[in-house]
Amino acid sequence: MRNISTSFEDYDRIYRQSVEQPEAFWAGIASEFYWRKKWDKVLEWDFTKPEVNWFQGGKLNITENCLDRHLATRANQTAIIWEPNDPKSSAKHITYKALHSEVCKVANMLKANGIKKGDRVCIYMPMVPELAYAVLACARIGAIHSVVFAGFSSASLATRINDADCKMLLTSDGSFRGAKTIALKEICDVALEECPSIERVITLKVIDSPVEMKADRDIWWHEALSQVDDDCPAEEMDAEDPLFILYTSGSTGSPKGMVHSTGGYMVYTTYTFLNAFQYEEGDIYWCTADIGWITGHSYIVYGPLAAGATTVMFEGVPSYPDFGRFWEICEKHKVNQFYTAPTAIRALAKHPTELVTKYDLSALKVLGTVGEPINEEAWHWYNEHVGKKNCPIIDTWWQTETGGFMISPIAGQTPLVPTYATQPMPGILPAIMDENGEEIKDIEAQGRLAIKFPWPSIARTIWGNHERYKNTYFSAFPNMYFPGDGCLRDNNGNYRITGRVDDVVIVSGHNLGTAPIENAINEHVNVAESAVVGFPHDVKGNALFAFVITKGENIDSTRLTDEIRTIVSEKIGPIAKPDHIQLVPGLPKTRSGKIMRRILRKIASNDTSNLGDTSTLLNPEVVEAIMEQVKG
Ligand code: PRX
């Protein structure tokens with residue numbers, strides 16, 4: 001399956017095959033997996049509907065590929081190395097055999113509590129092994145998991161549970177995050193007041209804190225688990241059956257529940273994992289993401305396990321007990337491939353390099369980044385201090401919606417250009433579009449990125465709202481997928497992602513739609529209207545700036561801004577709290593009433609020397625007034 005292995009020419013040859021004969025190419029890769037029944041048709045697609053079917057008619061269970069298939073050859077190999085939050089506690093090494101048994105037990109626990117194929121199960125848990133068991137257990141019985149990152153607020157959790165009509169919630173009493181603990185079950189209890197579809201809550205003891213248990217609804221994980229055995233035959237699934245729902249912010253409205261299906265997702269995540277990282281038998285691979293995000297789904301759980309890899313799962317944070325923790329873990333587990341986010345690199349680069357150099361990182365072979373464009377300075381710091389200029393950095397561009405890497409170097413083979421995601425993965429056909437929606441054919445180009453052909457792990461729909469799926473991704477350019485990113489291409493055909501071109505801001509690697517944050521702010525009784533924009537931040541990449549028009553009398557501005565931060569934290573989560581809140585007399589609007597965010601972005605970024613054309617503004621005077629206040 002690792003079919004690119006010698007040189008960039010090798011990549012070139014494979015890439016050409018993949019785009020000239022995509023069906024033959026992906027059928028070849030897919031045939032290396034275990035299918036209960038082979039597919040009837042490799043691909044059927046129509047981006048105008050949009051509809052994409054890969055390996056139609058194929059029958060499989062992804063956990064048979066992640067677990068059972070490995071038992072003959074690697075039963076005693078470690079599948080997951082779990083590193084706890086507390087560095088003084090011991091890591092757990094979970095073999096493929098043990099993982100198989102744990103997943104089957106959890107799967108039986110779900111079944112014993114009423115879950116069947118097609119039901120939705122919400123998972124709101126910290127980074128403990130049981131989170132991975134839970135995800136795989138759902139897949140084992142054909143239940144659709146919806147993992148919600150355990151940093152989201154109760155309101156965000158409730159929205160997601162209700163959108164997918166989840167029947168069960170899996171959670172824990174709490175979580176450890178560095179020196180802090182977070183009471184997760186309490187957050188769930190608040191959310192569940194609004195969630196009538198949840199029939200059963202199963203709570204894992206993690207921090208051993210007292211929690212309230214609601215009779216007839218709530219049970220303890222360890223008690224439920226003690227009543228089941230580990231014999232759980234896998235449910236037979238169709239290649240196109242949904243595997244999971246994962247929510248991502250949109251530029252407007254509620255979060256979008258991206259639906260991923262089974263066969264194509266498995267094939268693509270495994271293939272890209274093995275090739276981009278050049279993972280070799282016996283390597284130890286560590287992705288620092290949380291399983292609550294797509295990176296964790298695809299490149300901690302499914303891709304690596306289907307590939308038979310050893311994958312590290314870390315419960316804690318990079319700053320605890322100090323900013324050397326990542327490197328201590330790399331040394332301890334002899335990590336060979338290390339994958340993290342630019343925001344983490346920037347945060348770590350602010351601390352003495354001694355925190356890196358004191359650890360033995362000689363096992364490292366490949367470094368990766370994901371989540372946002374990496375700036376030149378962070379790239380060089382990562383390359384010099386972590387990689388010792390000896391480890392290729394793969395800058396992987398992709399999205400929740402794409403399921404797997406789209407543009408990324410092949411480690412050790414693709415010539416690297418700092419800050420460039422470089423070349424498309426096999427099967428990916430990018431295009432750069434100009435302002436008129438025409439493809440720019442010149443090799444050097446800058447514009448909006450689009451993808452011209454389906455790949456196996458493209459999300460198939462938005463849960464319950466196919467129309468929104470179509471409008472969001474397939475209406476900007478006819479017959480193409482539009483990811484929402486800007487892009488440039490150099491004269492060697494290398495792609496560099498320049499950032500979002502919609503109202504999504506990436507803060508510390510997390511996608512945040514500005515509209516839901518504005519809606520939260522507007523709920524305050526003293527707020528008449530608000531506009532949120534991003535501005536550059538040297539650690540987070542971007543931070544949020546909220547411009548707020550107040551209403552009412554005798555407003556205490558300090559109190560109001562504190563309350564606004566609290567509302568945003570409660571409605572969305574602490575990650576969405578604006579860094580800066582400015583009370584303003586008005587917002588710059590066009591004659592049609594649209595807020596001119598371009599101007600607000602410039603003000604927030606302190607880049608007001610040229611505000612561009614303001615002649616279409618209804619209220620140009622307000623711009624001066626806002627600038628005065630921001631300066632003040
Ligand atoms: O803007 C791109 C940015 O993150 C967005 C996708 O976010 P999300 O769905 O949360 O998935 C993040 C993990 C895959 C993209 O539209 N992005 C992601 N990776 C990169 C990136 N921007 C530049 N370079 C990257 N390597």
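Residues numbered from 1 in each chain as written. Predicted model: local features only at pLDDT ≥ 70, side-chain atom pairs only at ≥ 80, totals over all residues. Heavy atoms only, no water.

Before going further, it helps to examine the sheet that holds strand 8 (residues 168-172). Read across the sheet, eight strands follow the order 12-11-8-6-7-14-15-23 without closing on themselves; strand pairing throughout is mixed. Because the sheet does not close on itself, it has two edges, and the strands there are strand 12 (218-220) and strand 23 (461-462). Where strand 6 (residues 120-124) meets strand 8, four bridges bridge the pair, whose relative direction is parallel. Within strand 8, the residue paired with Ile123 across the bridge is Leu170. Along the sheet, helix 7 (residues 184-192) makes contact with strand 6, strand 8, strand 11 (200-204) and strand 12, crossing strand 8 at roughly 155 degrees. (Pairing = 2+ DSSP bridges. Helix = DSSP H or I, 4+ residues; strand = E, 2+ residues; numbered from the N terminus. Contact = heavy atoms within 4.5 Å. Axes fitted to C-alpha atoms, helices over the stretch in contact; angles between N-to-C directions.)

Turning to the pairing of strand 22 (residues 445-451), a few remarks are in order. Pairing between strand 21 (residues 430-433) and strand 22: four bridges, direction antiparallel. By the bridge assignment for strand 22, Ile432 is matched with Leu449. Alignment of strand 22 against strand 24 (residues 485-489), held across four bridges, turns out to be antiparallel. From the neighbouring strand, Ala445 faces strand 24, where its bridge partner is Arg489.

On to the site of the ligand. In the region of the ligand, 18 residues are neighbours, and Asp395, Thr396, Thr400, Asp485 and Arg500 sit closest. At 3.3 Å from a nitrogen atom of the ligand is found a main-chain nitrogen or oxygen belonging to Glu372. Between the ligand and Asn511 there is a distance of 3.2 Å, counted from an oxygen atom to a side-chain nitrogen or oxygen. The protein chains hide 96% of the 540 Å² of surface that the ligand would expose on its own. Looking at the shell around the ligand, the elements with two or more residues in it are helix 10 (294-306), strand 20 (393-396) and strand 25 (495-500). Per-class residue counts for the shell around the ligand are seven nonpolar, six polar and five charged. (Near = heavy atom within 4 Å. Polar contact = N/O pair within 3.5 Å; in protein donor to acceptor, adjacent residues only side chain to side chain. Areas by Shrake-Rupley, 256 points an atom, 1.4 Å probe, with all protein chains shown as cover. Nonpolar A, V, L, I, M, F, W, Y, C, P; charged D, E, K, R; others polar.)

Another aspect to go through is the domain arrangement of the protein. One can read the domain layout of the protein as domain 1 (8-61 + 240-499), domain 2 (64-235) and domain 3 (506-631). Its C-alpha centre places domain 2 at a distance of 38 Å from the equivalent point of domain 3. Between domain 2 and domain 3, the residue contacts involve six residues of the former and six residues of the latter. Counting each side, the surface lost to burial between domain 2 and domain 3 is near 410 Å², with a carbon and sulfur contribution of 57%. At the surface where domain 2 touches domain 3, the tally comes to zero salt bridges. Here the side of domain 2 that touches domain 3 is built from residues that sort into two nonpolar, four polar and no charged. (Domains from an automatic or database assignment. Buried area = accessible area lost by both parts, 1.4 Å probe. Salt bridge = Lys/Arg side-chain N within 4 Å of Asp/Glu carboxyl O.)

Okay, the sheet that holds strand 28 (residues 527-537) next. The strand order across the open sheet built from three strands is 28-29-30, with neighbouring strands paired in mixed fashion. The open sheet has two edge strands with one neighbour each: strand 28 and strand 30 (580-583). Sheet twist, expressed as the average angle between the axes of neighbouring strands with direction ignored, equals 20 degrees. Where strand 29 (residues 541-550) lies against strand 30, four bridges are found, and the strand directions are parallel. Following the sheet pairing, Phe545 is matched in strand 30 by His580.

Let us look at the packing of aromatic side chains. Evaluated as defined, the whole model comprises 45 aromatic pairs. Both rings, one in Phe273 and one in Tyr279, keep their centres 5.3 Å apart while their planes meet at 35 degrees; by these two values the pair is tilted. Taken as a pair, Phe273 and Tyr279 share a single burial class, namely buried. Taken together, Trp45, Phe47, Phe453, Trp455, Tyr469, Tyr473, Phe474 and Tyr481 form an aromatic cluster joined through their ring pairs. (Phe/Tyr/Trp six-rings, centres within 6.5 Å; stacked < 30°, edge-to-face > 60°. Buried < 20%, exposed > 50% of the residue type's maximum accessible area, 1.4 Å probe, protein only.)

What follows deals with helix 14 (residues 376-386). Buried residues of helix 14: Ala378, Trp379, Trp381, Tyr382, Asn383 and Val386, and no others. Each element contacted by the buried residues of helix 14 is listed here: helix 11 (325-333), strand 18 (337-340), helix 12 (342-349), helix 13 (354-357), strand 19 (366-370) and strand 20.

If you trace the backbone, Asn65 turns up in helix 3 (residues 62-74). For Asn65, a relative accessible area of 0% puts it in the buried group. Polar contacts involving the side chain of Asn65 include one to the main-chain amide nitrogen of Tyr34, which spans 2.7 Å. Apart from residues no more than four positions distant in its own chain, Asn65 is found in contact with Phe33, Tyr34, Leu60, His70, Met266, Leu305 and Ala306.

Helices that pack against each other are described as a pair by the angle of their axes relative to one another and the distance between those axes. Between helix 5 (residues 129-141) and helix 10, the least distance of the axes is 10 Å, while the angle of their chain directions is 60 degrees. One finds that helix 5 runs oblique with respect to helix 10. Crossing of helix 5 against helix 10: the hand is right-handed. In this structure, helix 5 contributes Val135, Leu136 and Ala139 to the contact, and helix 10 contributes Val301, Tyr302 and Leu305. Across the contact of helix 5 with helix 10, the residue classes tally to six nonpolar, no polar and no charged. (Parallel < 35°, antiparallel > 145°, perpendicular 65-115°, else oblique. Left-handed = near helix turned anticlockwise from the far one by under 90°.)

When the terminal C-alpha atoms of helix 3 are compared, their 17 Å separation across 13 residues agrees well with the 18 Å that a helix rising 1.5 Å per residue should span. Where helix 3 is concerned, the buried positions are Ile62, Thr63, Glu64, Asn65, Cys66, Leu67, His70 and Arg74. In this structure, the buried side of helix 3 is in contact with strand 3 (59-60), helix 4 (96-112), helix 5, strand 14 (242-248), helix 9 (263-276) and helix 10. (Expected span 1.5 Å × (residues − 1).)

As for its placement among the helices and strands, Thr262 is situated in the loop between strand 15 (256-261) and helix 9. Polar side-chain contacts of Thr262 include one of 2.7 Å to the backbone oxygen of Asp241. Those residues within four positions of Thr262 in sequence are excluded, and the remaining contacts are Leu60, Ile62, Asp238, Ala239, Asp241, Pro242 and Leu243.

Another point: the nonpolar core. In terms of nonpolar packing, the biggest core is built from 124 residues, with Trp35, Phe55, Leu99, Ile123, Leu170, Trp221 and Tyr302 touching the most fellow members. Tallying contributions element by element places helix 5 first for this core, with ten residues. When we break this core down by domain, the ones giving at least three residues each are domain 1 (8-61 + 240-499) and domain 2 (64-235). Grouped together as the second largest cluster of nonpolar side chains are 27 residues, Val312, Phe314, Leu367 and Ile374 included. (Core = buried A, V, L, I, M, F, W, Y, C linked by side-chain atoms within 4.5 Å.)

Opposite charge on two side chains permits pairing when their charged atoms draw close. One pass over the full model with this rule turns up 35 salt bridges. The closest approach of N and O atoms between Arg217 and Asp189, which form a salt bridge, is 3.3 Å. In this pair, Arg217 sits in the loop between strand 11 and strand 12 while Asp189 sits in helix 7, placing the two residues 28 residues apart along the sequence. By relative accessible area, which is 12% here, Arg217 ends up buried. Glu280 serves as the salt-bridge partner of Lys365, at 2.9 Å between the closest nitrogen and oxygen. Residue Lys365 is found in the loop between helix 13 and strand 19, and its partner Glu280 is found in the loop between helix 9 and strand 16 (284-287); the two are separated by 85 residues along the sequence. Given a relative accessible area of 29%, Lys365 falls into the partly exposed group. What you see here is one network of salt bridges that share partners, running through Glu83, Arg325, Glu328 and Lys332.

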